Amino acid sequence: MAVTTLQFVGAFLLPLFAVASSFDPFHRTGQSMNPMGSGGQQGPFMPHEYVRFADVKRQCRSVLASAAELKFDANRATALMPELSFLKADWRQDVNDGAPLMPFDGTDVPDGAAASDPLRLATFTLTHVDVALRGKTALNVSGVLGVAVSRNGTAPEMGPYVSPEFKVWPGSTEMKVLFEGVYTETGDGESVLCLVGDALLPRRGADAANPWDWAKNSDRKNFQPPITNDKNILLVIRYPTTLTLTTRAVRGELTSTNGESDAAYFGAVTMLSQLGAYSNYKFGSEELVSTACSTKPYPDDVLGDGSGLYTGGSLCGILDLFTSEDVFAVVPNWKCNSTDAICRRLGPFEADKSVDATDGGFKDVGILMQDIRCDPNAGSDERSARVSAVFRAVSPSEHLYTAAHRSGLSGMTLSAEGVWRASTGQLCMVGCLGVGKKACHSRVCLYVRTGFSATRRTVVVGQITSIGGVAHSPLTFRRAMHPSELWNRFGVSGGAPLTMAYNYTKVKQAGEFLTRSEPFNFGTAIAKSLLSYPRLSGDDQSSLADELTLHVPVVPDPFPRERFERPFLQLEVLSLGPLVGRNVPAIPGMQLAEEGRGKGRPSSESQTETTPTTETTTSILNVSAELTLSGDLYANVSTLFLEGVYNQVDGRMYLIGCRSIDAPWRDFSAMRALEDGMDCSIEVRVDYPPTTAQWLINPTAKVHIASTRDLLDPRRFDAMSLQTLPIMYRQQRQDILSRRSVEGILRLATLVAAIGAEFSQLMYIKANTDVMPYVSLVMLGVQALGYSMPLITGAEALFARIAAAGVNAPPSYVVDKSQLYWTIDCVVKILVLAAFLLTLRLAQKVVRSRIRMLTRSPLEPGRVPSDRKVFLYSFGPHLLGFMVILAVRYVSAIGRPVQQEDSYMDASGRSHALRQWAVTLEEYVGLSQDFFLLPQVVGNVLWRINCRPLKKSYYVSLTVVRLLPHLYDYIRAAPAINPYFAEEYEFVNTSLDFYSAFGDVAIPLLAIALAAAVYVQQRWNYKIISRTVKTQQKKLQHLGSRVYERLPSMSSGNFEAELVAGVNETAVGPRRDASLT
């Protein structure tokens, strides 16, 4: 009976539950999935299981009660997920609450060391929106919140699949919380997310004063943070439905629904972000803008005479180029004459201690321009545009990447809206600090510059002034223009149509520097007449600007013996004569230099100084550039804005440099000779190598930098001289390819000479079979090794080459695959193979001759020449020399900079391990080939020869062939490094130390000495021995008294010149070999 009653009650209640569920804003699908779903890769229509509808209904009662009816469609649901997500918002918690959310391990910074405050960042991602089944006032949604405290500004990664997580390590703490809940909209312009969460919370210790004592030194072994799973977490996020100047803030609150006595309880956490790029901005703050910009244009002091401003119709396109990745540098308050509190303040921003430490100098302080919205007003009579943006101040301790992706609104952000008018070239905006209309007490004026000078190299400059808020000095910020950006961003290849001009103001001063540095003398005049340097060809200033641009490592000049750092130098040409950037737009009023004056390219308003010179009308060109130099030793000149002249006759630039001053604001009043707050008392001379005779003159550029300030001036620095690594001009690439042809022909010639010498030796022993056993097999083996290595490794020369090792094809083929070089390469390999086979044939004949001699006198093996001792005596000096060279290099390496790289990269971009001993060994193998006559000299002494085993033309020709690369390298003196090919030479590998200036002299002298020794042994020894030791002639191994019989070959009709003992001991003279095959 009871069972029947329960069944009846259940059957009656089941329809009621079904009806009740239809009125609930939550709906559970029939599919089984992860309750907290997946991440951002899920679409809004993917099925999802919501299991905590009861908790959501209970915790979000007030939110559901104030919800209005939703008017939704599929398109709105698709846009909802990115619109409600935010990245790296700011969060904070009341420090007096007594229940902090998470610990922070500050042991990443040593005790006592200066450290920046950790950043508290939060990232929220909406992972699912249930559109298929929803209530009238709410949508089921789910998401994940990442909360972090980090020194370097990192935030938890939100992948497609997430779960509750807590991590702590020195300098960073991260936590992920999974949520599900509802999305609602109120009737007063607000959207609300109310979510309940599931998290792994860290457990606080018993000591209330230090609850996170266990989190110190979290990188210790086997560290496991104490955590507890907690589902009593509530997150409420409120979004404005309309994005305007004063209603852009997104506010969130994370609270624990546990009791305060619960171990999992934590104090309320507030979050602050803003609507992002997926929300439409509504311009409508005309009243605030008119109050800030009542004067049109508003007068300020950042432009000087106000010339050179952009007044075109593409401001929005220009602003689009300045994304959040671009940083505006803050200019020191060097003009401030007020109190210290006002002059050292970073404008209206509420700066942290790292900014205050700059004392008004604002070193490494920047401003980012984020979320730029631009609406051009094409319908009005005057060209104008409405602009909105967020200016974010970046402290020196904050990483730029982190700052660029932050979305929080705080005292370091200034929301701005205003109007740009083409008639004035000024964008005037009202700025609101942080959140709310009451904080709009700043004026922001922004300009786009189209004219540059030595002290003004910025494309965008702005100034923030106060209009009733906190008193502060006008804060100036600027976006520097790197010369390469004139092509990349504003050139003919794309970008906004900007017309640039340069106003030369340092030309007269540079001309005086030129006159002072170049006194006339006949030696200089003769050198100028013989050499040529990069010069203007027709009207192609762009090509000459490319030739004068440098990107190369440099070393001190002269080269020091002690350890030193190798900085990297970049010299970018900004303008050359009338050229600005790399294209020449037609600008009225611009013309080339006249009457030798080298005039620049001013607009109708600008003025350009003239260059005093006695050169011809085409020899002097005005030039401006930017020099950057890495390294701590060159911090004084790390960035220089240069302007001056370039002398095309001797390839020298004479430049006046200006640098920014990093100093507290009060120090500027005591400085002298400042121009726009910059130090322009610097002279720079750049000496370029000639374009001709690059085979004979070291192709390196030299840079001399000196300060012209007084000796006691604190801003003076010591003069410095630098020398670049070898550089190459564009036109020299054709010279390199032609040099490859010349060197390819030289390789062919040397190989043909080597083959001719081998063939002549083969014919010689055919005619003189008695000398055949006395040819050293070790000598032939050294030559065979030299020929076989190119065939095995793919190298193209007659000696070892490490530059192209490990590459399937020579890197030069990547650049040039012409038929000529391919043909030369094939012919070279064929000739190398022919020389190798001829050498093997010589060795074969020597071996056979010794076998026949041994069979003739089996009881006297000592009478047969052997190469065992020859090998030992020849290998010994080489081994000793190799060990000495290793020791010398080890000792010399002590005084050199330590190289961190243990690998090198070839021209194809492949990385290879580099072992110094292996490199030295391969170099020494090439050296042993140069001394190939050493085994023959040793053998001649050991065997006490009384004959001429080697034909004079053979060893003389091969000696010349081996020494020709050294002669070639010595004539070239200082060869140019070829950046197009991994191998520097086709004919000689100068990367080997044995091709140094000393080696090019010492090695040929030793090789010639060995050739002379062979000559003396073969020509004079017989005469001396025949006069003094006639009684021992029978003991000498002279084969002239032996008779050899030519035996017929069984494999062919020809006769082989084999040496066998004859039966007729009375016959005189040897028989001759009839065939070489």
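Everything that follows concerns the structure shown earlier in this document.
Quick notes on the rules
Residues numbered from 1 in each chain as written. Predicted model: local features only at pLDDT ≥ 70, side-chain atom pairs only at ≥ 80, totals over all residues. Heavy atoms only, no water. Helix = DSSP H or I, 4+ residues; strand = E, 2+ residues; numbered from the N terminus. Buried < 20%, exposed > 50% of the residue type's maximum accessible area, 1.4 Å probe, protein only. Areas by Shrake-Rupley, 256 points an atom, 1.4 Å probe, with all protein chains shown as cover. Core = buried A, V, L, I, M, F, W, Y, C linked by side-chain atoms within 4.5 Å. Contact = heavy atoms within 4.5 Å. Salt bridge = Lys/Arg side-chain N within 4 Å of Asp/Glu carboxyl O.

Engineer: Just checking my understanding: could you explain the overall build of the protein for this structure?
Structural biologist: Per the secondary structure count, the protein includes 23 helices and 31 strands. Sorting the 1077 residues of the protein into buried and exposed places 50% on the buried side. Carbon and sulfur atoms make up 57% of the accessible area of the protein, which amounts to about 51000 Å² in all.

Engineer: Any chance you could explain unusual backbone geometry here in plain terms?
Structural biologist: Residues other than glycine predominantly adopt negative phi, and peptide bonds predominantly adopt the trans conformation. Residue P558 is reached from D557 by a cis peptide bond, and omega for that bond is 5°. Within the secondary structure layout, P558 lies in the loop between β20 (550-556) and β21 (568-576). Phi at D364 takes a positive value of approximately 65°, unusual for a residue other than glycine. The residue D364 is located in the loop between α8 (353-356) and β11 (366-377) in this model.

Engineer: Would you mind showing me how to read the nonpolar core here?
Structural biologist: Most often, soluble globular proteins keep nonpolar side chains buried together rather than apart. Formed by 65 residues in total, the largest nonpolar core has its most connected members in F124 and L193. Those residues in contact with F124 that lie beyond four places of it in its chain are L84, S85, F86, G143, V144, L145, L193, L195, L235, I237 and Y239.

Engineer: When you look at helix α4 (residues 74-84) in this model, what are you seeing that I'm missing?
Structural biologist: Quick reminder: α-helices carry 3.6 residues per turn. Residues three or four places apart thus point the same way. Among all positions in α4, only A77, L80, M81, E83 and L84 are buried. Contacts from the buried residues of α4 go to β1 (86-93), β2 (119-130), β3 (139-150), β5 (172-185), β6 (190-202) and β7 (227-240).

Engineer: Could you clarify how one ought to interpret the pattern of salt bridges in this entry?
Structural biologist: When the charged atoms of two side chains lie near each other, side chains of opposite charge can form a pair. In this structure the tally under the stated criterion is 31 salt bridges. Across the pair R238 and E190 runs a salt bridge, and its minimum N-O distance is 3.2 Å. Taken together, the positions of R238 in strand β7 and E190 in strand β6 put the pair 48 residues apart, joining distant regions of the chain. For E190, a relative accessible area of 23% gives the class partly exposed. Here R709 ties to D679 by a salt bridge, and the two come within 3.1 Å at their closest N and O atoms. Of this pair, R709 sits in the loop between β28 (702-707) and β29 (720-724) while D679 sits in strand β27 (residues 678-687); the two residues are 30 residues apart in sequence, bridging distant segments of the chain. Assessed through its relative accessible area of 0%, D679 is described here as buried. The network of salt bridges with shared partners includes D340, R344, D359 and R666.

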